[in-house]
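# Inside the fold
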Amino acid sequence: MDVTPILQDLNDAQRQAVTAPLEPLLVIAGAGSGKTRVLTHRAAWLIDVEGVPPQGLLAVTFTNKAAAEMRGRIESLLEMPVRHLWIGTFHGLAHRLLRRHWQDAKLPQNFQIIDSDDQQRIIKRMLRSLEVDDSRWVPREIQYFINAQKDEGLRPQHLHDEGDPNRRQFISLYQTYQETCDRGGLVDFAELLLRAHELWRDNPDILAHYQRRFRHLLVDEFQDTNAIQYAWLRLLAGEQGVPFVVGDDDQSIYRWRGARVEHIYRFQKDFPSAGVVKLEQNYRSTATILNAANAVIANNGSRMGKNLWTEGAEGEPIRVYSAYNERDEADFIVGRLRDWSDQGNARADAAVLYRSNAQSRVLEEGLINAGLPYRVYGGLRFFERAEIKDALAYLRLTSNRDDDNAFERVVNKPTRGIGARTVEAMRDYARANSCSLWRAAGAVASDGLSGRASASVVAFLNLIERAARDTENLDLHEKVDHVIQMSGLIDLFRKEKGEQGATRIENLEELVSAARSFEGDPADEMSPLDAFLAHAALESGEGQADAWEDCVQLMTMHSAKGLEFPLVFLCGMEDGLFPHQRSVADANGLEEERRLCYVGITRAKQTLYISYAEQRRLHGMDRLSPPSRFIAEIPADYVEEIRPRVQVSRPVQPRRSSRSSSLPSNGTEAGVHLGQRVRHQKFGEGVILNCEGQGAHARVEVNFESSGTKWLVLSYANLDLM
DNA sequence: TACTATTTAATTTTT
DNA sequence: TTAAATAGTA
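All residue numbers here refer to positions counted from 1 along the written sequence of the relevant chain. Chain labels run from A onward and ligand labels from 1 onward, assigned in the order the entries are written. The predicted nature of this model means local features are confined to residues of pLDDT at least 70 and side-chain atom pairs, given and counted, to a pLDDT of 80 or more, with totals for whole chains, interfaces and linings taken over all residues. Side-chain descriptors were evaluated using all non-hydrogen atoms of the structure, hydrogens and water having been removed beforehand.

### Quick word on the domain arrangement of chain A
- Residue ranges labeled as domains rest on an automatic or database domain assignment. Split by domain assignment, chain A resolves into domain 1 (4-102 + 193-281), domain 2 (112-184), domain 3 (296-379 + 547-642), domain 4 (382-539) and domain 5 (667-721).
- Just the C-alpha atoms count here: the centres of domain 2 and domain 4 sit 25 Å apart.
- Taken residue by residue, the interface counts 13 residues in domain 2 and 18 residues in domain 4.
- Overall, the association of domain 2 and domain 4 removes approximately 1,400 Å² of surface from exposure, summing both partners, and the carbon and sulfur fraction of that is 40%.
- By buried area we mean the combined loss of accessible area, with a 1.4 Å probe, across both parts when two parts are placed together. Considering only the surface of domain 2 that becomes buried against domain 4, Gln112, Ile113 and Arg125 emerge as the three largest contributors, covering 46% of it.
- Salt-bridge detection follows one rule: a side-chain nitrogen of Lys or Arg within 4 Å of a carboxyl oxygen of Asp or Glu. Where domain 2 touches domain 4, the interface holds 5 salt bridges.
- The salt bridge involving Asp115 is made with Lys389; its shortest N-O contact spans 2.6 Å.
- Two N or O atoms form a polar contact when they lie within 3.5 Å of each other; inside protein one atom must be a possible hydrogen donor and the other a possible acceptor, and for residues adjacent in sequence the pair counts only when both atoms belong to side chains. Counting across the domain 2 and domain 4 interface gives 8 residue pairs in polar contact (both at pLDDT 80 or more).
- Each helix is a run of DSSP H or I of at least 4 residues and each strand a run of E of at least 2, with the numbering of both proceeding from the N terminus. Looking at the side of domain 2 that touches domain 4, the elements with two or more residues in it are β4 (112-113), α6 (116-130) and α8 (165-184).
- It is α6 that provides the largest number of residues to the side of domain 2 that touches domain 4, a total of 7 residues.
- Three classes are used: nonpolar for Ala, Val, Leu, Ile, Met, Phe, Trp, Tyr, Cys and Pro, charged for Asp, Glu, Lys and Arg, and polar for all others, with Gly counted as polar. Of the residues assigned to the side of domain 2 that touches domain 4, the class counts are 3 nonpolar, 3 polar and 7 charged. The contact criterion used throughout is that any non-hydrogen atoms of two residues lie within 4.5 Å.

Structure below.
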């Protein structure tokens, strides 16, 4: 056996991990240290060298993208397709199990997956039907509570109110929510994991079967596992299993979503024979960037401890820009991006990272003005679009009449004379007889509604029945197409004014072609339609968007995890924004923010800019905030300040001071500072954004309220201070 | 039922 | 500021 292809191009630590004995192993993989490479080469090693059959291997990731990438890389290493290899997300694999063992999992065979949007609708509907005040019991909070419990593996019966009436209400709502889902055969994301765990826990023979089959477990992003995912892995590993887990405790940024970095520390206790390998050699960034990242993260306590290093060059210093305000910051970034692009670099190699999505706005404005193409990550995904969810709701109804969620969504869309009143009557009936809305609709239509309303309801019921019958034997994409045609959605969107409607119709067409290219797993015992619906819920459709023009990448630091760019901007680096106000209160929160900063810094390969604004307009209010404390944690040796920090003075109380003095025409001294309000004879009022030069050549950049930003020579401009 | 006014709240997000 | 959700009106 020639093991060269598997082992060549691996460094010592990587090779140690890949060729480790068949014992549990924890790999601490720093940013850019070849994590995916180790994972995929290990898989190839197990199959090719250790003789593990591909079906004996289970690989788990968090995103579909990571799963697809892993499969692709393993296949190209082994130079063959590995169909029997189970690679997937926790949710995808759990789903697969539940489909196979739906009876033992106590689910109806045609159970359907709901996303968090559906989940929230169900909760709102439940509150309304229970007549619970939704301003006191906020749907979002209830949703969060329910998911948090499920993430911990807890059912309502495991919870105690502890004498707290508030908590009692939450628990009771959780209970009701679960009953609603069970009645409709609906499974939310957390439920997939919880059910899959219970399936194994309560059925030792099934568990034993999978334990025998999957001796080798490969886990990616191990620091992001939540309690139920970890419990699931442990069950599967049992006594004989060989988990190979890869993670980085310094990149754990999803605690608020239930992820517990502690699992990394716990792993060695739960698997005493486990070895540990640290990957610290970085192949991505310059030494300067790595040193900065190391220095920042060193301020966190409770780490495994790790120090990234590189054989590469020291590189450029990190440039820190102190902007006057967010517009100035955007101007600066756009200027650099334009230079980058003008120098012949790919725009897609540049990324602007920020803490919160709202920050993209100013940047976008700047980029539009400069005519630089850009792409903002993190909008609605394909399958989350309203029109797509409408169409899917029709499809769901044809597959499962009892899906109340789908029923409510489209019963009057397009409007067909089934108003709030009628729906209310159906809800009442459904509640009184604990049946689905579908059955309630049938009952109410024949007795209890006005003739007109009744006719409308019957027409709707017939429409769905007819859609189901007519498309029964059609191929999936024809079925999707037909149901969309029959639904009347196309006409509805055609009437919509503006481009919106046209876009929606295009998206519906796209849905048909998504169905055409969809290939379900023939091993699954699901109808192609159910498989497609599950696919739509589990893969929100990131890959749907194709072929982007070469453009600058805008995204949050969270969504940048796992990516890398030659040129990176970290912007909005101000205390209160980053670290975020809501996180600074407790030490855990602050440490997570610091890890996020570590993630941000380590995205950069060559050039890193950090910027902050002295003054920022947030929620319509101007706020002054100090630079992020994380900036000060970067040793000065690695930093080059582009413009020294300028102190912005708080605006004088009466905003318009009556005494305005003329500027001295001979220089930048006395009274000219960034943020100073000035008035120009022609351009009106504005704010100084920038100054440059001295004496007769001194110039200032002023942002005028009515005429935009301009550079003016001080000695000619005759500005009045205000 | 559709459009308009008012209110409210505002990290991060994958499945 | 602004986007979304709700309440009120034609």
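### A short note on the environment of Leu392
- Mapped onto the elements, Leu392 comes out in helix α16 (residues 386-399).
- The cut-offs for exposure are 20% and 50% of the maximum accessible area for each residue type, with area from a 1.4 Å probe on protein chains only; residues under the lower value are buried, those over the upper are exposed, and the others partly exposed. Here Leu392 falls in the buried class, since its relative accessible area comes to 7%.
- Sequence separation of Leu392 and Leu533 is 141 residues, and the distance between their C-alpha atoms is 7.3 Å.
- Residues in contact with Leu392, not counting those within four places in the same chain, are Phe383, Leu511, Phe532, Leu533 and Ala536.

### Observations regarding the protein's contact with DNA strand B
- Taken together, 27 residues are adjacent to DNA strand B, and Asn64, His91, Arg355, Asn357 and Thr556 come closest.
- Restricting the count to atoms of DNA strand B within 4 Å of the protein gives a sugar and phosphate share of 51%.
- Contact distances for DNA strand B include 3.2 Å between a sugar or linking oxygen and a side-chain N or O atom of Arg257.
- Of the residues that constitute the surface near DNA strand B, the class distribution is 5 nonpolar, 17 polar and 5 charged. Any residue with at least one heavy atom within 4 Å of a molecule or strand is counted as near it.

### Some details on the confidence of the model for chain A
- Summary statistics for chain A give a mean pLDDT of 87 and a share of 89% for residues scoring 70 or more.
- Think of pLDDT as the predictor's per-residue confidence, scored from 0 to 100. Segment residues 650-670 is flagged for pLDDT under 50; beyond a separation of four residues in sequence, or across chains, it makes 25 contacts in the model.

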